[in-house]
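# Structure at a glance
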Amino acid sequence: FLSSGINSRVRGVLTHYNTYYILNLIENMALKGVKVIELAGLAPSPFAGMILADYGADVVRVDQLRPLPSTNIMARGKQSISINIKKPDGLIILKKLIKDADILIEPFRPGVMEKLGLGPDSLLSENKRLIYARLSGYGQTGLLVMLLAMI
């Protein structure tokens with residue numbers, strides 16, 4: 001109903017104001033400049049990456065190699081790369097990405113990252129400022145982890 005009574009000059013001012021407001025929000029995002037590497041997995045990992053991207057972080061989602069790209073709704077605001085991290089070339093690429101990152105989000109079962117040579121000890125020795133976030137369903141230790149391994 002507003003557009004019918006507003007002349008084009010006023011509409012132009014409102015459009016300019018909205019554009020300025022949106023650009024100002026984007027420019028002043030809380031996590032602008034924070035680099036996040038998210039290893040694709042079940043819901044907690046992509047959800048955490050999505051929230052960080054919503055607040056302005058530069059999130060790169062590392063997907064497994066698939067014939068078609070994922071259409072996951074939690075991929076908004078993220079860049080995506082498909083890497084086979086079980087191959088030496090894939091590990092080299094991933095390590096280069098992590099070397100410049102501020103945050104790593106990994107969703108795997110206990111021991112998976114260590115078997116790949118990507119555990120916290122090895123990555124934190126190369127990147128002291130890295131925040132290493134593990135988002136496994138049952139944690140890294142304890143009774144539930146043992147039960148899950150038996151399934």
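All values derive from a computational prediction rather than experimental measurement.

### Section: helix H4 (residues 88–99)
Along an α-helix, a turn takes 3.6 residues, which lines up residues three or four apart on a common side. Between its terminal C-alpha atoms H4 stretches 16 Å, which fits the 16 Å expected from 12 residues at 1.5 Å a residue. When we look at burial in H4, the residues that qualify are Gly 90, Leu 91, Leu 94 and Ile 98. Along H4, the residues classed as buried sweep out an arc of 95 degrees about the axis, all on the same side. Summarising the geometry of H4, the exposed residues directed more than 90 degrees from the buried face are Pro 88, Asp 89, Lys 96 and Lys 99. Where the residues of H4 are buried, they touch strand S1 (35–39), strand S2 (58–63), strand S4 (103–106) and helix H6 (120–126).

### Digging into the layout of surface pockets
Roughly 590 Å³ of volume is contained in the largest pocket. The wall of the largest pocket is formed by 25 residues, among which Ala 40, Gly 41, Pro 107, Phe 108 and Arg 109 lie closest to the centre. Taken together, the residues of the lining of the largest pocket sort by class into 16 nonpolar, 6 polar and 3 charged.

### Comments concerning the side chain of Asp 102
With respect to the secondary-structure elements, Asp 102 resides in the loop between H4 and S4. Reaching out from Asp 102, the side chain makes a polar contact with the side chain of Arg 129 at a distance of 3.0 Å. Setting aside chain neighbours within four positions, we find Asp 102 in contact with Gly 33, Val 34, Lys 35, Arg 129, Leu 130 and Ile 131.

### Observations regarding the nonpolar core
With 18 residues, the main nonpolar core has Ile 37, Leu 39, Leu 94 and Leu 104 as its most contacted residues. For this core, the secondary-structure elements that each account for two or more residues are S1, S2 and H4. Broken down by element, the residue count for this core peaks at 3 residues, all from H4. Excluding anything up to four places from it in sequence, Leu 104 contacts Ile 37, Leu 39, Ile 98, Met 113, Leu 123, Leu 130, Ile 131, Tyr 132 and Ala 133. Membership of the second largest hydrophobic core comes to 7 residues, among which are Val 36, Leu 52, Val 59 and Ile 105.

### Describing the pairing of S2
Regular strands have side chains that alternate between both faces of the sheet. For S2, a buried count of 5 out of 6 residues is recorded, marking the element as mostly surrounded by other parts of the structure. Where S1 and S2 come together, 5 bridges link them in parallel fashion. Bridge pairing links Lys 35 to Asp 58 in S2. A crossover links S1 with its parallel partner S2, the connecting element being helix H3 (residues 44–54), and its sense is right-handed. Of the strand pairs in this sheet, S2 and strand S3 (residues 78–82) are connected by 5 bridges, and their pairing is parallel. By the bridge assignment, Val 60 is partnered in S3 with Gln 79.

Rules behind the numbers
- Residues numbered from 1 in each chain as written.
- Predicted model: local features only at pLDDT ≥ 70, side-chain atom pairs only at ≥ 80, totals over all residues.
- Heavy atoms only, no water.
- Helix = DSSP H or I, 4+ residues; strand = E, 2+ residues; numbered from the N terminus.
- Expected span 1.5 Å × (residues − 1).
- Buried < 20%, exposed > 50% of the residue type's maximum accessible area, 1.4 Å probe, protein only.
- Arc of directions from axis to C-beta.
- Contact = heavy atoms within 4.5 Å.
- 1 Å grid on protein atoms, 1.4 Å probe; cavity = no way out; pocket = protein on both sides within 12 Å on 5 of 7 lines; lining within 4 Å.
- Points joined across faces, edges and corners; volume = space filled by probe spheres on them.
- Nonpolar A, V, L, I, M, F, W, Y, C, P; charged D, E, K, R; others polar.
- Polar contact = N/O pair within 3.5 Å; in protein donor to acceptor, adjacent residues only side chain to side chain.
- Core = buried A, V, L, I, M, F, W, Y, C linked by side-chain atoms within 4.5 Å.
- Pairing = 2+ DSSP bridges.
- Right-handed = clockwise from strand over helix to strand, strands pointing away.

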